[in-house]
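Coordinate analysis (summary)
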Amino acid sequence: MLLKRFSRKIGTISRGGLPAILRTLHSLTRGFGLIISFLSISMPLLILMRLSRPWLLIRLNPICSSRIGHFAMNTELYLCERDAGINVPAQRYIDLTYYADAPACNQQLDLMWRRFLTIWPGWLLEPVFFLNRFFPGGQVHEVGDNINHDRDVNNLLEETLPHLRFTAQEEAEGRSGLEKLGVPAGAKFICLHARDSAYLETLVNPGGDFSYHDYRDVDIDNFVLAANALADLGYYVIRMGKIVKAPIKSSNPKVIDYASSELRNDFLDIYLGANCFFCIGVGSGFDSVPTIFRRPICFVNVVPIGCLHTFLKDSIAICKKHWLLPERRWLSLREIVNRGLDSCLYSTGYQEKHVEVKENTPHEIRELTLEMVARLTDEWEVTPEDDSLQRRFWEIYPVKRRRIDSGSPMHGKVNLRYGSKFLRDNQAWLK
């Protein structure tokens, strides 16, 4: 990982000039510190860890702390699975947790996780982690898959309460923040997060090339119709995001561009996600914040379609549409699955198969959000036609698909519903 990290940094020099060189030197300096740690500390620690195995199994637990989605979801699932006795050794053991990336991407989430976990210094444990992999028999000293994925294939979220809680002081701070945003006490609000490349390009790796993720980006303008419709129903809509490319253009005072506001901060990012009526998301990192607090998600523009968070209760989704360029037509759901596009994770993969993924229309997004409101307020009436269309969708959907990288399952029990209005309007898509 260190070599990959250095090579990525070095690769930006030609594109980023002096700032990129300074960032690279900073990374190399950190790398030299890790090497010194490796030479003087890591080997003795590794030996101690291996020798203690018969009496105490020590497992290393790196947390992905650079992306809020993994920082939130992976960590919550680790705690849920630990509580449920999943991936827990039969013998006496201890897990040593550290952040694989520092500093953490959200300081409030960092603070709250530290209430449940002892976070060890990365400079101390990271060299031990990689050294352990160099010698045979080291796998038993890693926590394993339950910290390396963000998919609740065991459906633990629906059976457990959130691990994280706000203190009384934090609750007061959160209520004050809502008031400053213009949301009255007791009013219901909906979080809206529309993914673009600004966060990765600005904070995660300035000057880096994230074009492989372009197929996931969306246009915030396509969400205005839905936001205004929700505001007309009396809900406040708060547009989320740490750094965004463009503001949301709505004249409705109940549509709040928090992402572009001076009030935006790490604490409110978490508090708003934890307390929203529901969240409109696109399958990106922020969605994990309301998810770990057991808030429903209304997914739009999800791609690849095989990555739907099928484990979520009270949640619904629609995906981006697939346009076959040579034949100038839409691919059906079965064609998407048969061509392997349901698990395509790179922009080049769609290009190679001559497919362009297209965003849901403003009308489709509005209809899905209104369906979400109706479902959560018990005003949604399920018809026999809707039941039939849902069955057809899930018969085709690749529920048994496994992860490409690890071979572990992608889905457990399916709780998610696909958008009913979308299925009614696109029945040919299911043929």
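So, here's what we can say about the structure. (Residues numbered from 1 in each chain as written. Predicted model: local features only at pLDDT ≥ 70, side-chain atom pairs only at ≥ 80, totals over all residues. Heavy atoms only, no water.)

**Some words on the pattern of salt bridges**
The condition is simple: Whenever a carboxyl oxygen of Asp or Glu lies within 4 Å of a side-chain nitrogen of Lys or Arg, that contact is scored as a salt bridge. To sort residues, take the accessible area from a 1.4 Å probe on protein chains only and compare it with the maximum for the residue type: under 20% means buried, over 50% means exposed, and anything in between is partly exposed. Runs of H or I in DSSP of at least four residues are treated as helices and runs of E of at least two as strands, each being numbered from the N terminus.
A full pass over the atoms with the stated rule returns 20 salt bridges. Among the salt bridges present, the one from Arg264 reaches Asp266, with a minimum N-O distance of 3.7 Å. For the pair Arg264 and Asp266, a shared accessibility class is recorded, and that class is buried. Ionic pairing is found between Arg375 and Glu371, a salt bridge with its closest N-O pair at 2.9 Å. Residue Arg375 and its partner Glu371 are located together in helix H13 (residues 362-376), separated by four residues, close to a single helical turn. By relative accessible area, Arg375 is classed as partly exposed at 24%. A network of salt bridges, in which partner residues are shared, links Lys242, Arg264, Asp266 and Asp269.

**A word on the sheet that holds strand E1 (residues 57-63)**
Adjacent strands of a sheet pair through backbone hydrogen bonds, lying either parallel or antiparallel. Rules: Two strands qualify as a pair provided DSSP detects at least 2 bridges between them. Every residue pair with non-hydrogen atoms within 4.5 Å of one another is taken to be in contact. Lines are fitted to the C-alpha atoms to define the axes, a helix being fitted only along its stretch in contact, and any angle between axes, read from their N-to-C directions, falls within 0 to 180 degrees.
Reading across the sheet, the three strands line up as E1-E2-E3 and stay open at both edges, with parallel pairing between neighbours. The two strands at the open ends of the sheet, each matched to only one other strand, are E1 and strand E3 (119-120). In the packing of helix H5 (residues 122-134) onto the sheet, contacts are made with E1, strand E2 (93-99) and E3, and the angle to E2 comes to roughly 115°.

**Some remarks on the environment of Pro121**
If you trace the backbone, Pro121 turns up in the loop between E3 and H5. As for Pro121 and Tyr99, which are separated by 22 residues in sequence, their C-alpha atoms are 7.5 Å apart.

**Focus on unusual backbone geometry**
In this chain, Val303 is followed by Pro304 through a cis amide linkage whose omega measures 0°. In this structure, Pro304 sits in the loop between strand E8 (297-302) and strand E9 (316-319). Although it is not a glycine, Asp378 adopts a positive phi angle of roughly 60°. Looking at the secondary structure, you find Asp378 in the loop between H13 and helix H14 (384-396).

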